[in-house]
Amino acid sequence: MKNQAMHFEFEEFESLEDIFVYMATMAPPMKNMLPINSYKGYVFSMIPLNPTTGDTYLVIYTKGELDGKMLEFDMNLKKFKAVDAAERADKIYFVVLTPKRNTIADAALKELERST
């Protein structure tokens, strides 16, 4: 099987709140639970730009770290807090994923660090 090259496009944000706003506006209607990655000093989400081939990703990111937990985000106030459960339909929730190893993220971070 031939290895297919992955391509990454990057969009950097100043803060976690800015990433949360971005993701909340892209979420499908009625979807209030979204994943976010905290890995190797970055908080990011990788969005496939070509879902059929999976070879091109948009990486939205900021430097920082989050502990693996659930965060409730208030879009109007641009604030988030840790919670134990998703209880409110008017809030967006982010599930923080902190993988031990993520080879796709490793490839993206390598390309990002090479380009900066």
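Now for a look at the structure at hand. It should be emphasised that the depicted structure is a prediction, and the values quoted were computed from it without experimental measurement. (Residues numbered from 1 in each chain as written. Predicted model: local features only at pLDDT ≥ 70, side-chain atom pairs only at ≥ 80, totals over all residues. Heavy atoms only, no water.)

This part covers the pairing of strand S3 (residues 42–48). With 6 of its 7 residues buried, S3 lies for the most part within the structure. Bridging between strand S2 (residues 33–39) and S3 involves 3 bridges; their strand directions are antiparallel. Looking at S3, one finds that Ser38 is bridged to Val43. Following S2, the chain reverses through 2 residues before pairing antiparallel with S3; Lys40 in that reversal takes a positive phi of roughly 50°. As judged from the 7 bridges shared by S3 and strand S4 (residues 56–63), these two strands associate in the antiparallel manner. Bridge pairing links Phe44 to Tyr61 in S4. (Buried < 20%, exposed > 50% of the residue type's maximum accessible area, 1.4 Å probe, protein only. Helix = DSSP H or I, 4+ residues; strand = E, 2+ residues; numbered from the N terminus. Pairing = 2+ DSSP bridges.)

Turning our attention to the sheet that holds strand S6 (residues 79–83). One open sheet accounts for 7 strands, arranged S1-S4-S3-S2-S7-S5-S6; its pairing is mixed. Since the sheet does not close on itself, it has two edges, and those belong to strand S1 (7–12) and S6, each with one partner. Between one strand axis and the next, the sheet turns through 35° on average, direction left out of account. Sitting on the sheet, helix H1 (residues 16–26) touches S1, S2, S3, S4, strand S5 (70–74), S6 and strand S7 (92–97), and the angle it makes with S4 is about 145°. (Axes fitted to C-alpha atoms, helices over the stretch in contact; angles between N-to-C directions. Contact = heavy atoms within 4.5 Å.)

This brings us to unusual backbone geometry. One non-glycine residue with positive phi stands out, namely Lys40, at about 50°. Along the chain, the position of Lys40 falls in the loop between S2 and S3. Here Lys78, not a glycine, exhibits a phi torsion of approximately 55°, which is positive. Counting through the fold element by element, Lys78 comes out in the loop between S5 and S6.

Structural measurements only, silent on function.
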